[in-house]
Amino acid sequence: MVMIVLAPSLQSFHPAEAIRSSHTHIDGYIRLPGGHIPGTVTYRSSFRRASTFRNAAGCQTRKGSVDVCDPSLVHVAITLDFEYLRGSIAAVHSILQHSSCPESIFFHFLVSDTGLKTLVGSTFPQLKFKVYYFEPEIVRKLISTSVRQALEQPLNYARNYLADILEPCVRRVIYLDSDLVVVDDISKLWSTSLGEKTIGAPEYCHANFTKYFTTGFWSNRKYSSIFSERKPCYFNTGVMVIDLVKWRQFGYTKRIERWMEIQKSDRIYELGSLPPFLLVFAGHVAPIDHGWNQHGLGGDNVKGSCRDLHPGPVSLLHWSGSGKPWLRLDSKRPCPLDALWAPYDLYGQSM
């Protein structure tokens with residue numbers, strides 16, 4: 001039996017929104033100038049250096065530099081930007097902490113500012129990673145307005161281009177959002193069998209699938225017939241295992257872009273980057289245990305109210321929705337489950 005105890009008092013930190021690109025490395029911290037709000041104390045933002053995580057007995061021993069094409073590596077892709085940086089760092093920290101073979105994980109960071117590379121390397125000195133610049137203009141003209149402005153950021157769509165961005169030798173990748181923590185060994189997710197499918201994700205077939213598209217979409221037979229020979233279920237794109245070989249073979253990036261083009265002219269959905277994935281993949285997803293995406297902890301896309309865990313095991317906690325744990329902790333109005341995110345937070349403050 002696993003018992004989770006929620007602490008009654010939570011340590012809070014200065015908001016991560018103040019972070020900007022210039023940085024220095026001092027006393028085991030990555031320090032960045034903080035913003036100043038009139039009438040408040042000026043703080044200096046900092047990320048603590050993470051502990052060193054080593055492989056357990058039985059893991060493959062690696063010495064010297066690592067080749068990204070090494071077939072024994074576990075590949076994880078995460079986006080990095082200033083708004084969600086604190087969440088991304090916590091996600092990486094959680095993965096390393098719970099992995100039996102942390103030195104066998106290779107991280108692929110998709111960024112819109114290459115200055116973040118130094119910050120990652122200093123926070124995780126032993127981390128195996130590569131930074132990839134994602135050009136916002138690649139997708140900007142395809143993005144439509146959404147129910148929440150954060151969903152309109154170009155970097156949210158970088159996952160659509162993983163097969164083009166990562167090295168051709170990378171045959172499989174786990175894609176993770178920046179607002180989650182992993183509390184299980186990531187190798188279990190990595191070893192998921194996809195069968196003949198291109199992607200794997202926890203599916204939620206009880207959800208009302210029709211609400212993810214407009215009435216105009218469902219009334220247009222040309223569009224809605226895309227699901228006529230499928231049994232589509234909702235899945236959250238924040239946790240996916242992707243077969244990049246099949247993705248490249250069948251040209252799924254172009255298929256997603258085509259639906260985004262249709263959206264620009266016909267407005268067939270209201271959310272951001274999720275609906276095009278549903279249009280292309282729903283009904284063709286390899287199911288993964290729901291414990292690998294205990295999503296919705298950030299509430300809805302408007303109020304961000306507190307949520308409970310779904311019944312069942314927990315391998316990954318996901319604050320999808322508008323409420324983010326670091327912001328709620330900073331505001332001293334946390335939800336109970338935000339206490340489960342806090343131990344992985346490497347963000348600190350100094351006067």
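Residues numbered from 1 in each chain as written. Predicted model: local features only at pLDDT ≥ 70, side-chain atom pairs only at ≥ 80, totals over all residues. Heavy atoms only, no water.

The name an unreviewed UniProt entry gives the chain is Hexosyltransferase, with Cynara cardunculus var. scolymus as the organism. We quote the UniProt Sequence similarities (unreviewed entry) comment for the chain here in full: "Belongs to the glycosyltransferase 8 family." One UniProt comment on the chain, placed under Pathway (unreviewed entry), says "Glycan metabolism; pectin biosynthesis." (UniProt positions renumbered as here; feature names shortened; annotations may be inferred.)

Peer 1: Go over empty space enclosed by the protein with me, naming the residues and quoting the values.
Peer 2: Tallied over the full model, the rule gives two cavities of 30 Å³ or more. Of the pockets and cavities examined, the largest cavity occupies roughly 130 Å³. Together, 14 residues line the largest cavity, and Phe53, Leu96, Pro102, Gln126 and Leu127 are the ones closest to its centre. Class assignment of the residues belonging to the lining of the largest cavity gives a composition of eight nonpolar, four polar and two charged. Estimates place the volume of the second largest cavity at around 40 Å³. The wall of the second largest cavity is formed by Leu142, Ile143, Ser144, Tyr157, Met260, Gln263, Tyr269, Leu271 and Gly272. Residues of the lining of the second largest cavity, tallied by class, amount to six nonpolar, three polar and no charged. (1 Å grid on protein atoms, 1.4 Å probe; cavity = no way out; pocket = protein on both sides within 12 Å on 5 of 7 lines; lining within 4 Å. Points joined across faces, edges and corners; volume = space filled by probe spheres on them. Nonpolar A, V, L, I, M, F, W, Y, C, P; charged D, E, K, R; others polar.)

Peer 1: I'd like a description of the environment of Ile256, backed by residues and values.
Peer 2: With respect to the secondary-structure elements, Ile256 resides in helix 9 (residues 252–266). In this structure, the C-alpha to C-alpha distance between Ile256 and Phe281, residues 25 residues apart in sequence, is 9.7 Å. Non-local contacts of Ile256, meaning those with residues more than four positions away in its chain, are made with Asn160, Trp247, Pro276, Phe277, Val280 and Phe281. (Helix = DSSP H or I, 4+ residues; strand = E, 2+ residues; numbered from the N terminus. Contact = heavy atoms within 4.5 Å.)

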